[in-house]
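Notes for the structure review
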Amino acid sequence: MTEYDCFKVEKKWQSRWAIDKVFESKRNLNIDKYYCLEMLPYPSGNLHMGHVRNYSIGDVCARFHRMKGKNVLYTIGWDAFGLPAENAAIKNKIHPAKWTRQNISHMRKQLKSLGISYDWSREIATCEPEYYRWTQWLFIKMWEKGLVFRKNAKVNWCSSCQTVLANEQVLNGLCWRCDSQTEQKQLEQWFIKITDYADELLEGHKQLTGWPQQVLSMQKKWIGKSYGVEIYFTLAGTDKKLKVFTTRPDTIFGVTFMVVAPEHEIINEIKEQLVNYKEVKEYILFSGIKSKIGRTSNKEKTGIRLKGINAVNPATNEEIPIFVANYVLTEYGTGAIMAVPAHDQRDWEFAKKHGIFIKDVIKGNDSNISKHAYEDDGILINSGQFNGISSNDAFSVITQWIEKQNFGKKTVKFRLKDWLISRQRYWGVPFPIVHCKKCGTVVVPEEDLPVLLPEDVKFSGVGESPLKTSEDFTIVKCPKCGLGAKRETDTMDTFVDSSWYYARYCDPHSKDVIFDKTKLDSWMPVNQYIGGIEHACMHLIYARFWYRFMRNLGIVKYDEPFVNLLTQGMVTLNGRVMSKSKGNVVSPDEVISKYGADTLRLFILFVAPPEKQLDWSSNNIVGCWRFVNRVWHLFDIVNTKSKEIACQKDKDDILKIMHLTIKKVTDNIEKKLQFNTAISFIMELVNALYAYKYHSNDNDVSLKVYKTVILLMSPFTPHLCEEIWEKLGCKRYISTCSWPVFDENIIKESFLELPVQINGKLRGKIVVPIDATEDEVKDIINSDDKIMLQLRNKQVMRFIYIKNKIITVVVK
């Protein structure tokens, strides 16, 4: 053959796939389905290497399962609303809708140039009215179920973006978008009561056996379920009470002071009794300009005593001082804490600074409260009738006593807070809400949806939301009484749009209903979801909540939207994250123009496991280009008659390598998602075929092996493989051919089934190669769902592999 012209070949097959609609999905209920999806991308204007990695991973999964005979749904859309488009409109004097659609058009071309096998007929954009109509409809359904409400609240404010941020969007006190310092601001805002689903979201983790443990742990921590006691401390000389939540009722006899948050309502209620109210007020104002992260950081804790009033410890009847301090937040617990300086380091440091009495109530082996707080288990002392009880046993014993004495009750609290969805910007989903002086807050009737964004807005970047400049939008008649009213001018958080898009893909063109339930139930849940781990506590929690809400509406069937989750690692250059501002970006377009899309795909899938960081290497990309050409030139080699004639052993040996390779590649894609090792096994088979000397004199054995190579490579380098497949005389698209099957009898000769013991008990069996190393055996165990389920949340102490006999795991 002539030299491989990747540019001509890639354009050829991209055109053919599109003309013949090769990847369009039509549900066939007689075939098992496979729904593969990457997280909804934002149309920023250009693909970066992180995108290429993400979509290449998804495409391999989709192509592999298509060839395995599955009915595959694999498509793409655009998370098209958001602040960057509005900022671009201000900077470039262009409407955000035009800027967004231009970006979508360019990124669509880039994705097609990569050969990603999307069903483009299902493409959606969240900024289109036919999509956000249903976002508004779902909001109304939440309103009807009492899940949305509006309240005046202290919120995170980014002065640079001129908008509110949810708690999840403030990272170390900085805006997640622009890295500006955030501040606290009092505003009337819309919230979704995601807290009503907190327990469900935690319980749902039991179903998510195909999710990384790290993501589940992050969500568990974010939701933050705590078992404890609410205790009421009377304010001396009044009938007022301070409510606190504690997970340490065993330490109540050691409470020597209390602390309230600067925002706590009790301060205003007792201001007449405070002899230093002016000083307290100044401190509250000072605290208000700090972010929540700044207030709770490890820096020195500030605070001021509320002089003129004390609290009463209900366990000892002793009066104790009350302080206001910025390290206590109203968002967590009750906004007030009982301080036990002997057994909490933060309280200990505060007590030392303010000269507060420290009372030891738990004795441990190495406790020394003169130097630091003792926070471990021990025996109760200075605790009245509970002296001598272990602190572990004291939790339930003292809780029962508190409830019997009627100054507290056992309860459960969550760290998760209601989801703030108001944004003071234009480019977002308008709330379907009207404010009427007579009727109050009124929802727009469903038949009047969508509430469209107006075109006559001014983008100055200064002051209030641009929506407020459009009288045609803001001034309306009340749907209830017909009198003059005003529309809500906030728009929804873009995380709302991306919380349900995966369901719309199942029926993207439905006009009369959000989607046909029969179509949705036949495709959902998503079998393989792919995206960054940074979305663990935002998108992945919101989407799970939203799907459960839709289940409760009766419009979806299952509890969880995503069965399996892969969180891919970042792409870096010399160990640093690629960034335009750092000038270390490698453009996918430039690489494709030099080496072609297949080489880029192969490189990005080969150089690192998908969940690990990938560091860009120009040397490795050249190596992948050489391998692509090696496979191309094999066509001539296997079709050239050799002088030597193969004996049966030669044929058997290469066929054995082929069948072992089929098994290894299949397992590494299907069970492990380890594409790098799958590619390395294909490379070994290619090397073996180059070393084989009997082409065209072996009853087509070498041709059979070569065809297997091309089939195995096709999910990774689809253009190359389509071209070779056609030149081999095959009529069908290789993308629609069947995946090769290995011979079980040949495999049995090379593999053993070994028992796996956990703490001395047989817990399963695994199949390993006869020559497997201990590390390879560990990898096989890690990919066995049943065994890993039994090892979940356990610490592996010892791993013993007696070659070809038994595997023993000792855990605690």
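Attention here is on the structure that accompanies the text. Predicted, not measured: the structure shown is a model, and the values here were computed from it. (Residues numbered from 1 in each chain as written. Predicted model: local features only at pLDDT ≥ 70, side-chain atom pairs only at ≥ 80, totals over all residues. Heavy atoms only, no water.)

1. Looking at the overall build of the protein chain
Scanning the protein chain from N- to C-terminus turns up 27 helices and 34 strands. Residue burial in the protein chain is summarised as follows: out of 812 residues, 55% are buried. Within the protein chain, counting contacts between residues at least 6 apart in sequence, those at least 24 apart form 72% of the total. Counting 113 positive and 95 negative side-chain charges, the protein chain places the centres of these two groups 0 Å from one another. (Helix = DSSP H or I, 4+ residues; strand = E, 2+ residues; numbered from the N terminus. Buried < 20%, exposed > 50% of the residue type's maximum accessible area, 1.4 Å probe, protein only. Contact = heavy atoms within 4.5 Å. Lys, Arg positive; Asp, Glu negative; His and termini not counted. Charge placed at Lys NZ, Arg CZ, Asp CG, Glu CD.)

2. Examining the pairing of strand S24 (residues 484-487)
Alignment of strand S21 (residues 433-436) against S24, held across two bridges, turns out to be antiparallel. Looking across to S24, one finds that histidine 435 is bridged to lysine 486. Where strand S23 (residues 475-477) meets S24, three bridges bridge the pair, whose relative direction is antiparallel. Residue pairing in the sheet places isoleucine 475 in a bridge with lysine 486 of S24. The turn linking S23 back onto S24 is made up of six residues, and glycine 482 within it adopts a positive phi angle of 85°. (Pairing = 2+ DSSP bridges.)

3. Looking at the sheet that holds strand S22 (residues 440-443)
Sheet strands associate in pairs through backbone hydrogen bonding, adopting either a parallel or an antiparallel arrangement. If you walk across this open sheet you meet the four strands as S22-S21-S24-S23, and the pairing is antiparallel. Edge positions in the sheet fall to S22 and S23, since each has one partner strand and no second. Along the sheet, successive strands turn relative to each other by an average axial angle of 40°, direction set aside. (Axes fitted to C-alpha atoms, helices over the stretch in contact; angles between N-to-C directions.)

4. Details of the sheet that holds strand S28 (residues 571-573)
If you walk across this open sheet you meet the three strands as S29-S28-S30, and the pairing is mixed. Each edge of the sheet is formed by a strand with only one pairing partner; in this case those strands are strand S29 (576-577) and strand S30 (614-615). Examined bridge by bridge, S28 and S29 share two bridges and lie antiparallel to one another. Along S29, the bridge assignment pairs leucine 573 with arginine 576.

5. Thoughts on the environment of valine 429
Relative to the elements of secondary structure, valine 429 occurs in the loop between strand S20 (422-423) and S21. Taking relative accessible area as the criterion, valine 429 reaches 0% and is therefore assigned buried. Taking the C-alpha atoms as reference, valine 429 lies 8.7 Å from threonine 126; in sequence the two are 303 residues apart. Those residues in contact with valine 429 that sit more than four places away from it in its chain are Phe81, Tyr132, Thr135, Gln136, Thr491, Met492 and Asp497.

6. Regarding helix H7 (residues 213-223)
Within the span of H7, buried status applies to Val215, Leu216, Gln219, Trp222 and Ile223. Seen end-on, H7 carries its buried residues on one side only, within an arc spanning 125°. Those residues of H7 that are exposed and angled more than 90 degrees off the buried face are Gln214, Lys220 and Lys221. Considering only its buried residues, H7 is in contact with helix H6 (198-203), strand S10 (225-235), strand S18 (408-414), helix H17 (539-553) and strand S27 (562-567). Just downstream of H7, glycine 224 is the residue with a positive phi angle, here 60°. (Arc of directions from axis to C-beta.)

7. A word on the packing of helix H20 (residues 618-638) against helix H23 (residues 701-713)
As a packed pair, H20 and H23 sit with axes 10 Å apart at the nearest point and diverge in direction by 155°. By the angle between their directions, the pair H20 and H23 is classed as roughly antiparallel. The handedness of the crossing between H20 and H23 is left-handed. Contacts between H20 and H23 involve Phe627, Val631, Trp632, Leu634, Phe635 and Val638 on the former and, on the latter, Ser702, Leu703, Tyr706, Ile710 and Met713. (Parallel < 35°, antiparallel > 145°, perpendicular 65-115°, else oblique. Left-handed = near helix turned anticlockwise from the far one by under 90°.)

8. Focus on the packing of aromatic side chains
If you walk through the whole model with that rule in mind, you get 39 aromatic pairs. On the numbers, 4.8 Å between centres and 75° between planes, the contact of phenylalanine 64 with tryptophan 739 is edge-to-face. Here phenylalanine 64 is found in helix H2 (residues 49-67), whereas its partner tryptophan 739 is found in the loop between helix H24 (718-727) and helix H25 (744-748), with 675 residues between them in sequence. For the pair phenylalanine 64 and tryptophan 739, a shared accessibility class is recorded, and that class is buried. An aromatic cluster is built from Tyr197, Trp419, Phe495, Tyr542, Phe545 and Trp546, whose rings are joined through pairwise contacts. The ring of tryptophan 13 carries arginine 16 above its face, with NZ or CZ at 4.6 Å from the centroid. Positioned above the aromatic ring of tryptophan 120, the side-chain terminus of lysine 112 is 5.1 Å from the ring centre. (Phe/Tyr/Trp six-rings, centres within 6.5 Å; stacked < 30°, edge-to-face > 60°. Lys NZ or Arg CZ within 6 Å of the ring centre and 35° of its normal.)

9. Considerations on the nonpolar core
Within the largest apolar cluster, 192 residues are counted, with the highest numbers of intra-cluster contacts made by Tyr502 and Met550. Sort the elements by how many residues they give to this core and helix H22 (residues 675-691) lands first, with ten residues. Setting aside its immediate chain neighbours within four residues, tyrosine 502 contacts Tyr35, Leu37, Met524, Val526, Ala543, Tyr547, Met550, Pro561 and Phe562. In this structure, Phe233, Phe257, Ala325 and Tyr327 belong to the second largest nonpolar core, which totals 55 residues. (Core = buried A, V, L, I, M, F, W, Y, C linked by side-chain atoms within 4.5 Å.)

10. Some thoughts on the pairing of strand S5 (residues 148-158)
In this structure, S5 lies alongside strand S9 (residues 183-192), joined through ten bridges in antiparallel fashion. What sits directly across from phenylalanine 149, in S9, is phenylalanine 191. Where S5 lies against strand S6 (residues 163-165), three bridges are found, and the strand directions are antiparallel. By the bridge assignment, asparagine 156 is partnered in S6 with leucine 165. Linkage of S5 to S6, two consecutive antiparallel strands, is achieved through a turn of four residues, within which glutamine 162 is found at a positive phi near 55°.

11. What to know about a negative patch on the surface
Residues Asp366, Glu375, Asp376 and Asp377 make up a contiguous surface patch of negative charge. Note that glutamate 375 resides in the loop between strand S16 (362-363) and strand S17 (379-380). (Patch = residues over 30% accessible without salt bridge, like charges linked within 9 Å, V, L, I, M, F, W, Y side chains within 5 Å. Areas by Shrake-Rupley, 256 points an atom, 1.4 Å probe, with all protein chains shown as cover. Salt bridge = Lys/Arg side-chain N within 4 Å of Asp/Glu carboxyl O.)

12. Describing the pattern of salt bridges
Enumeration according to the criterion identifies 33 salt bridges in this entry. In this structure, the salt-bridge partner of lysine 141 is glutamate 446, at a minimum N-O distance of 2.8 Å. Note that lysine 141 is positioned in helix H5 (residues 129-144) and glutamate 446 in the loop between S22 and helix H13 (471-474), a separation of 305 residues in sequence. Salt bridges sharing partners connect three or more residues here, namely Glu200, Arg544, Arg548, Arg551, Asp559 and Glu560.

13. Topic: the environment of asparagine 87
Along the chain, asparagine 87 turns up in helix H3 (residues 83-92). In sequence terms asparagine 87 and serine 460 are 373 residues apart; their C-alpha atoms lie 9.5 Å from each other. Among the polar contacts made by the side chain of asparagine 87, one reaches the side chain of arginine 425 at a distance of 3.4 Å. (Polar contact = N/O pair within 3.5 Å; in protein donor to acceptor, adjacent residues only side chain to side chain.)

14. Points about the state of the cysteines
Evaluated as defined, the whole model comprises zero disulfides. Note on cysteine 178: no disulfide assigned, nearest cysteine sulfur contributed by cysteine 158 at a separation of 3.6 Å. Residue cysteine 506 stays outside any disulfide, its sulfur separated by 13 Å from that of cysteine 36, the closest cysteine. Its relative accessible area of 3% is what places cysteine 506 among the buried residues. (Disulfide = S-S within 2.5 Å.)

By themselves, these observations are geometric and do not establish any function.
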